[in-house]
Amino acid sequence: MSKQIEKDAVCTIASKNYLAQTMVMAKSIWECNMKRKVYILIADNVDDEIKLEDMEFNKNITLVTLKELHIENVNKMAFYYNLVEFNTAVKPFFMKYLLDTFHLNKLIYLDPDTMVFHDFDHTFECLETDSIVITPHVITSKKELYTDHEEFLMFGTYNLGFLGIKSGEITMAFLDWWAEKLEESCFYDPDRGLAWDQKWVNMVPAIFPKVKILKDPGYNVSYWNLQERKVEEKEKNFIVNKQYPLVFYHFSHFNIEKKGYIIDYGPGRLRVRLEDHKELIHIFDKYCKELASMNLDMYKKKTYCFNYFSNGQEIKPEFRKAFINSSQFSNIENPFVELSELDFSVQ
């Protein structure tokens, strides 16, 4: 492995219930001959030892714990955010930690529910001249199939299931700015104009230089952009729009228990049948087989530690809301312990 490749890496964030998806993503990177390190932040407790399956690709994986990041208000963040909000809120802290600790040059973040089919050479080439690389949800005005363009005004122009950065002053300024925003404003709260970590990045091309908006249709293919991206299989490779390699597919909101559907929110809500996109059947079949091989049934039963007080009482959404909205809790350092006996119903 060259010294240059050693300085480039991929990272992701997951709680324990999503480790099967994370392993599939990491294995797919290995299979694309990208012998780069994959750093995984476990946004959960690691009191019970996490043992990765004994597979060759695991040699390239490094697990990172929340304690290693030394986030000052991590206990408060884990309390007032739900699982998805917290996993996304720690992203800039994690990426900055990796750049600093392992002296990385270029770093790609991928959501754990992705599968890689081609190398990221294009991204690493972009980062030779740019400092930040982001991908839009859609790259044409073609009439949408499943996601109305108005929804991107609510969820964000760019999908943060992918992010590329290069070490340097611009990136550090971006990560510091983003971390400051996400420490207290990484909620999914449309009334406030918030959508996790994602909505904030709408501002990034305007306030930071050297931002590359990557419009390669092979990146971040998912249900929200199928109207503009036709996937085909040719000689055991997947091609998008007849010329672009499929770099990765994003299985956002996919539920393996609802086979036959790309996404299924239930009757009367968004349901996308796989039968209507036969070109994706092989991809989804492969993904399901890989998930099963990574002990999905075991990992998906893992409980999220930040759903419970230290005494075992479940933390309900109204508890989290009361905590963030009340000034009387401002001096609390560890709400999981200090508020475990409090009756939130009387607040």
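Provided above is the structure to which this section pertains.
Here the structure is a predicted model, which is why all the values come from computation and not from measurement.

Parameters and conventions
- Residues numbered from 1 in each chain as written.
- Predicted model: local features only at pLDDT ≥ 70, side-chain atom pairs only at ≥ 80, totals over all residues.
- Heavy atoms only, no water.
- 1 Å grid on protein atoms, 1.4 Å probe; cavity = no way out; pocket = protein on both sides within 12 Å on 5 of 7 lines; lining within 4 Å.
- Points joined across faces, edges and corners; volume = space filled by probe spheres on them.
- Helix = DSSP H or I, 4+ residues; strand = E, 2+ residues; numbered from the N terminus.
- Buried < 20%, exposed > 50% of the residue type's maximum accessible area, 1.4 Å probe, protein only.
- Contact = heavy atoms within 4.5 Å.
- Pairing = 2+ DSSP bridges.
- Axes fitted to C-alpha atoms, helices over the stretch in contact; angles between N-to-C directions.
- Left-handed = near helix turned anticlockwise from the far one by under 90°.
- Nonpolar A, V, L, I, M, F, W, Y, C, P; charged D, E, K, R; others polar.
- Disulfide = S-S within 2.5 Å.
- Core = buried A, V, L, I, M, F, W, Y, C linked by side-chain atoms within 4.5 Å.
- Expected span 1.5 Å × (residues − 1).
- Phe/Tyr/Trp six-rings, centres within 6.5 Å; stacked < 30°, edge-to-face > 60°.

*Asks:* Just to check I follow, could you spell out the layout of surface pockets for this structure?
*Replies:* To find leftover empty space, one rolls a probe the size of a water molecule over the atoms. Empty space within the largest pocket amounts to approximately 1,100 Å³. If you go around the largest pocket, you meet 39 residues; those closest to its centre are Val84, Asp113, Trp196, Ser252 and His253. Contributions of two or more residues to the lining of the largest pocket are made by β1 (8–14), α5 (83–89) and α8 (149–155).

*Asks:* Looking at this structure, I do not really get the environment of Glu228. What am I missing?
*Replies:* Within the element layout of this structure, Glu228 appears in the loop between β10 (211–213) and β11 (231–234). Under the relative-accessibility criterion, Glu228 is labelled buried at 8%. Look past the residues within four positions of Glu228 in its chain and what remains in contact with it is His137, Val138, Ile139, Thr140, Lys142 and Asn241.

*Asks:* I keep staring at the sheet that holds β11 and nothing clicks. Help me out?
*Replies:* Two modes of strand pairing occur in sheets, parallel and antiparallel, and in both the strands are linked by backbone hydrogen bonds. Here we have 3 strands laid out as an open sheet, ordered β11-β12-β13, and antiparallel in their pairing. Strand pairing shows two members of the sheet lacking a second neighbour, β11 and β13 (244–245), which therefore form its edges.

*Asks:* What am I meant to see in the sheet that holds strand β6 (residues 132–134) here?
*Replies:* If you trace the 7 strands from one edge of the open sheet to the other, you get β3-β2-β1-β4-β7-β6-β10, paired in mixed fashion. A single partner strand is all that each edge strand has here, and the edge strands are β3 (61–65) and β10. Along the sheet, successive strands turn relative to each other by an average axial angle of 20°, direction set aside. Inspection of the sheet shows β1 paired to strand β2 (residues 37–42) by 6 bridges, in the parallel sense. Each residue of the ladder has a partner; that of Thr12, found in β2, is Ile40.

*Asks:* Any chance you could explain the packing of helix α6 (residues 91–101) against helix α9 (residues 169–182) here in plain terms?
*Replies:* When two helices pack together, their arrangement is given by the angle between the helix axes and the distance between those axes. Where α6 contacts α9, the two axes come as close as 8 Å, and the packing angle between them is 150°. Remark: the crossing between α6 and α9 carries left-handed chirality. Here Lys91, Pro92, Phe93, Met95, Lys96, Leu99 and Asp100 of α6 lie close against α9, whose contacting residues are Thr171, Met172, Leu175, Asp176, Trp178, Ala179 and Leu182. Here the residues of the contact of α6 with α9 sort into 9 nonpolar, 1 polar and 4 charged.

*Asks:* Teacher, can you tell me more about the pairing of strand β4 (residues 106–110) here?
*Replies:* The two faces of the sheet receive side chains in turn, since in a regular strand these alternate between them. In terms of burial, β4 is a largely internal element, 5 of the 5 residues being buried. Burial of the side chains of β4 extends over both faces: Lys106, Ile108 and Leu110 are buried on one face and Leu107 and Tyr109 on the other. In this structure, β1 lies alongside β4, joined through 4 bridges in parallel fashion. Its bridge partner being in β4, Cys11 is matched across the sheet by Tyr109. Where β4 and strand β7 (residues 162–166) come together, 5 bridges link them in antiparallel fashion. The residue of β7 that forms the bridge with Leu110 is Phe162.

*Asks:* I would appreciate a short explanation of the packing of helix α2 (residues 19–31) against helix α11 (residues 281–293) in the present structure.
*Replies:* Running from amino to carboxyl end, α2 crosses α11 at an angle of 115°, the nearest separation of the two axes being 9 Å. For the crossing formed where α2 meets α11, the hand is right-handed. Only Lys286, Tyr287, Glu290 and Leu291 of α11 make contact with α2, whose side of the interface consists of Ala20, Gln21, Val24, Lys27 and Glu31. A class-by-class count of the residues in the contact of α2 with α11 yields 4 nonpolar, 1 polar and 4 charged.

*Asks:* Sorry, what's going on with the state of the cysteines here?
*Replies:* Applying the stated criterion across every chain, the model contains 0 disulfides. The thiol of Cys126 is unpaired, and the distance to the nearest cysteine sulfur, on Cys11, comes to 18 Å. Accessibility expressed as a relative area gives 9% for Cys126, which makes it buried. Summary of cysteine pairing: Cys288 is not part of a disulfide, and the nearest cysteine sulfur, belonging to Cys32, is at 18 Å.

*Asks:* Is there a simple way to think about the nonpolar core in this case?
*Replies:* Buried together is how nonpolar side chains tend to be arranged in soluble globular proteins. With 60 residues, the main nonpolar core has Phe86, Leu163, Phe174 and Trp178 as its most contacted residues. Ranked by the residues each element gives to this core, the list is headed by α9, at 7 residues. Among all residues touching Phe86, those that are not within four sequence positions of it are Ala43, Leu66, Val74, Met77, Ala78, Tyr81, Tyr304 and Phe306. Formed by 59 residues, the second largest nonpolar core is a distinct cluster that contains Val24, Ile40, Val247 and Tyr299.

*Asks:* Sorry if this is basic, but what is going on with α9 here?
*Replies:* Every α-helix carries 3.6 residues per turn, so stepping three or four residues along brings you back to the same face. Taking 1.5 Å of rise per residue, 14 residues should cover 20 Å, and α9 covers 20 Å from first to last C-alpha, within 8% of that figure. Among the residues of α9, those classed as buried are Thr171, Met172, Phe174, Leu175, Trp177, Trp178, Ala179 and Leu182.

*Asks:* Is there a simple way to explain the packing of aromatic side chains in this structure?
*Replies:* A full pass over the atoms with the stated rule returns 36 aromatic pairs. Arranged with centres 6.2 Å apart and planes meeting at 85°, the rings of Tyr97 and Phe102 form a pair that is edge-to-face. In this structure Tyr97 comes out as buried when scored by relative accessible area, which is 14%. For Phe102, a relative accessible area of 30% puts it in the partly exposed group. Both rings, one in Phe120 and one in Tyr219, keep their centres 5.9 Å apart while their planes meet at 65°; by these two values the pair is edge-to-face. Here the residue Phe120 occupies a position in the loop between β5 (114–116) and α7 (121–126), and Tyr219 occupies one in the loop between β10 and β11, the gap between them amounting to 99 residues. Of the two residues, Phe120 and Tyr219, neither departs from the other in class, the shared state being buried. An aromatic cluster of at least three residues, connected via ring pairs, comprises Phe79, Tyr80, Tyr81, Phe86, Phe187, Tyr304, Phe306, Phe309, Phe319, Phe323, Phe329 and Phe336.

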